[in-house]
Amino acid sequence: MSAVSSRLPVFPWDKLEPYKATAAAHPDGIVDLSVGTPVDPVPDAVQRALAGAANSPGYPTVWGTAELRDALTGWAERRLGARGVTHSNVLPVVGSKELVAWLPTQLGLGAGDRVAYPRLAYPTYEVGARLCGAEPVPYDDPTELDPAGLRLLWLNSPSNPTGAVLGRDELTRIVAWAREHGVLVFSDECYLELGWEAEPVSVLHPDVCGGSYDGLVAVHSLSKRSNLAGYRAAFLVGDGAVLGELLQIRKHGGMMTPAPVQAATVAALADDTHVREQRARYAARRDALRAALEAHGFRIDHSEASLYLWSTRDEPCWDTVAHLAELGILVAPGDFYGPAGERHVRVALTATDERIEAAVKRLG
């Protein structure tokens, strides 16, 4: 039996354990700003919808209920500015990480194919390529890549980890290049609701895609915008031919979003109030942390959107991790996201107000 895991990099978070132990030994406890997992309550309306659908003894469908598909199409038009979105243009998935990791396999990619992703990026883009035996290709500007054998191009705006945002003109240029060379584009837009100093735009906006979804799919998640990381609620919007193929494959694989989660997703997408309230919480935490980090000698780069502050003291990232761990603060080293991050750390905004206040006090 071949060990598929041998194709993969070392799971990065395991390397953080000794620093986590140091931070946890702080007399006032750890402030964990590393993983970026939501800590605020699930909105009441979403909890009620989940509970109301708890008596769901039958199998759900991979494509989801008609009500779910209506919610997805309506939200895409209302929030992304997409036009003419039909049920064939949407597909629920069991959390976005599952989709990212297994997409190249489900697209039938393998040896000889290439999968491109940003040089500083969520590690699962590379993992997905390696799982199917394709070649992972990091980039600075995707239009400078050799398109030969390039089957899948990942975009990520707002970026994890840097919080950088691709502007409308930049997205338009990349989409035109990808279409010219027949490269399928998947745009990870899971932080689109969390723009601070920039207004993120979807690859499906008419100004970017020209009103056509050919060769384009956007990935969205309710984990951050609605505190639903524990629900594994995410979805795709875009090219109906691509999503139709994925639907058939996922039917065979039994990749079904649980029925109560489908009902919860409908409720979450119908309510914009909780999204505004959660944004306000994160904005306040961001302002407090940013000021404290800068006063402590950090420089914040990019970070105009998303749930992170891409921070540096112009030293090796693990030295910074160790320094902050001594203060009881745990952050993610930048090299988790590629060698280009070796002098930065990613500081998450996902801690309670009390823990953020504790971090600010320690940094002071």
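Residues numbered from 1 in each chain as written. Predicted model: local features only at pLDDT ≥ 70, side-chain atom pairs only at ≥ 80, totals over all residues. Heavy atoms only, no water.

### Examining the overall build of the chain
Next up, step 1: Looking only at helices and strands, one finds 12 helices and 13 strands in the chain.
Next up, step 2: Taking 2.2 N^0.38 as the reference for a compact globule, 364 residues should give roughly 21 Å; the C-alpha atoms of the chain span a radius of gyration of 20 Å, in line with that estimate.
Next up, step 3: Overall, the chain is about 55 × 50 × 50 Å in size when its C-alpha atoms are taken along their principal axes.
Next up, step 4: Counting contacts in the chain only where the partners sit at least 6 residues apart, residues at least 24 apart contribute 75% of the total.
Next up, step 5: Taking the 34 positively charged and 45 negatively charged side chains of the chain as two groups, their mean positions are separated by 3 Å. (Helix = DSSP H or I, 4+ residues; strand = E, 2+ residues; numbered from the N terminus. Rg over C-alpha atoms; globule rule 2.2 N^0.38 Å. Contact = heavy atoms within 4.5 Å. Lys, Arg positive; Asp, Glu negative; His and termini not counted. Charge placed at Lys NZ, Arg CZ, Asp CG, Glu CD.)

### Examining the packing of aromatic side chains
Next up, step 1: In total, this model carries nine aromatic pairs according to the counting rule given.
Next up, step 2: Residues Tyr 122 and Tyr 125 carry aromatic rings whose centres are separated by 5.7 Å and whose planes lie at 80° to one another, so their mutual orientation is edge-to-face.
Next up, step 3: Look at Tyr 125 and you get buried, because its relative accessible area is 0%.
Next up, step 4: Clustering of aromatic rings is evident, with ring pairs tying together Trp 13, Tyr 19, Trp 318, Phe 336 and Tyr 337.
Next up, step 5: Here Arg 69 stacks its cationic end above the ring of Trp 63, 3.9 Å away from the centre of that ring.
Next up, step 6: Over the aromatic face of Tyr 308 sits the side chain of Arg 346, whose NZ or CZ is 3.8 Å from the ring centroid. (Phe/Tyr/Trp six-rings, centres within 6.5 Å; stacked < 30°, edge-to-face > 60°. Buried < 20%, exposed > 50% of the residue type's maximum accessible area, 1.4 Å probe, protein only. Lys NZ or Arg CZ within 6 Å of the ring centre and 35° of its normal.)

### Side note on the sheet that holds strand β10 (residues 308-312)
Next up, step 1: Strand order across the open sheet formed by four strands is β9-β10-β13-β12, with antiparallel pairing between neighbours. Bordering the open sheet on either side are β9 (299-301) and β12 (332-333), each of which pairs with just one other strand.
Next up, step 2: Where β12 meets strand β13 (residues 345-348), two bridges bridge the pair, whose relative direction is antiparallel. Each bridged residue has a counterpart across the sheet, and for Pro 333 the counterpart in β13 is Val 345.
Next up, step 3: The sheet strands contacting helix α10 (residues 273-295) are β9, β10 and β13, and the helix crosses β10 at an angle near 5°. (Pairing = 2+ DSSP bridges. Axes fitted to C-alpha atoms, helices over the stretch in contact; angles between N-to-C directions.)

### Comments concerning the pairing of strand β3 (residues 114-118)
On a regular strand, each side chain points to the face opposite its neighbour's, so the side chains alternate between the two faces of the sheet.
Next up, step 1: Buried residues dominate β3, accounting for five of its five residues.
Next up, step 2: By the bridge criterion, five bridges tie β3 to strand β4 (residues 135-139) in an arrangement that is parallel. Residue pairing across strands places Arg 114 opposite Glu 135, the latter belonging to β4.
Next up, step 3: Chirality of the crossover, the property in question, places the unit of β3, helix α5 (residues 124-131) and β4 among those that are right-handed.
Next up, step 4: Note that β3 and strand β5 (residues 150-156) share three bridges and pair parallel. Looking across to β5, one finds that Ala 116 is bridged to Leu 153. (Right-handed = clockwise from strand over helix to strand, strands pointing away.)

### Looking at the packing of helix α2 (residues 44-52) against helix α9 (residues 259-270)
Next up, step 1: Two elements in contact, α2 and α9, have axes separated by 8 Å at closest approach and are oriented at 150°. The angle between the axes of α2 and α9 places the two elements in the roughly antiparallel class. Between α2 and α9 the crossing geometry is right-handed. In this structure, α2 uses Ala 45, Val 46, Ala 49 and Leu 50 to contact α9, whose residues at the interface are Pro 260, Val 261, Ala 263, Ala 264, Ala 267 and Ala 268.
Next up, step 2: Here the contact of α2 with α9 is composed, by residue class, of 10 nonpolar, no polar and no charged. (Parallel < 35°, antiparallel > 145°, perpendicular 65-115°, else oblique. Left-handed = near helix turned anticlockwise from the far one by under 90°. Nonpolar A, V, L, I, M, F, W, Y, C, P; charged D, E, K, R; others polar.)

### Considering the side chain of Asp 40
Next up, step 1: Take Asp 40: it is sitting in the loop between β1 (31-32) and α2.
Next up, step 2: In this structure the side chain of Asp 40 is engaged in a polar contact, spanning 2.7 Å, whose partner is the side chain of Gln 278.
Next up, step 3: Side-chain polar atoms of Asp 40 contact the side chain of Arg 285, separated by 2.8 Å.
Next up, step 4: If near-sequence neighbours (up to four positions away) are discounted, Asp 40 is found in contact with Asn 227, Gln 278, Arg 281, Tyr 282 and Arg 285. (Polar contact = N/O pair within 3.5 Å; in protein donor to acceptor, adjacent residues only side chain to side chain.)

### Focus on the pattern of salt bridges
Next up, step 1: Tallying each qualifying case throughout the model produces 23 salt bridges.
Next up, step 2: Note that Asp 113 and Arg 151 form a salt bridge whose closest N and O atoms lie 3.1 Å from each other. Residue Asp 113 is located in the loop between α4 (96-106) and β3, and its partner Arg 151 is located in strand β5; the two are separated by 38 residues in the primary sequence.
Next up, step 3: Of the charged contacts, one joins Arg 285 and Asp 353 as a salt bridge, the two residues approaching to 2.7 Å between their closest N and O atoms. Here Arg 285, found in helix α10, pairs with Asp 353, found in helix α12 (residues 353-363); they are 68 residues apart in sequence, far enough to count as distant.
Next up, step 4: Within the structure, one salt-bridge network assembled from shared partners comprises Asp 28, Glu 354, Arg 355 and Arg 362. (Salt bridge = Lys/Arg side-chain N within 4 Å of Asp/Glu carboxyl O.)

### A short note on unusual backbone geometry
Across residues other than glycine, the phi torsion is negative in most instances, and most of the peptide bonds are trans.
Next up, step 1: Note the cis peptide between Ser 157 and Pro 158, where omega equals -5°.
Next up, step 2: Here Pro 158 is to be found in the loop between β5 and α6 (168-180).
Next up, step 3: Of note, the phi angle at Asn 227 is positive, near 60°, even though the residue is not glycine.
Next up, step 4: Tracing the backbone through its elements, the reader meets Asn 227 in the loop between β7 (216-221) and β8 (234-238).
Next up, step 5: Positive phi is not limited to glycine here, since Arg 232 has a value of about 55°.
Next up, step 6: Its place among the elements puts Arg 232 in the loop between β7 and β8.
Next up, step 7: In this structure Arg 232 comes out as partly exposed when scored by relative accessible area, which is 31%.

### Some thoughts on the side chain of Thr 350
Next up, step 1: Relative to the assigned elements, Thr 350 resides in the loop between β13 and α12.
Next up, step 2: A distance of 3.5 Å separates a polar side-chain atom of Thr 350 from the backbone nitrogen of Thr 37.
Next up, step 3: Setting aside residues up to four positions removed in sequence, Thr 350 forms contacts with Asp 32, Gly 36, Thr 37, Pro 38, Val 39, Tyr 282 and Leu 307.

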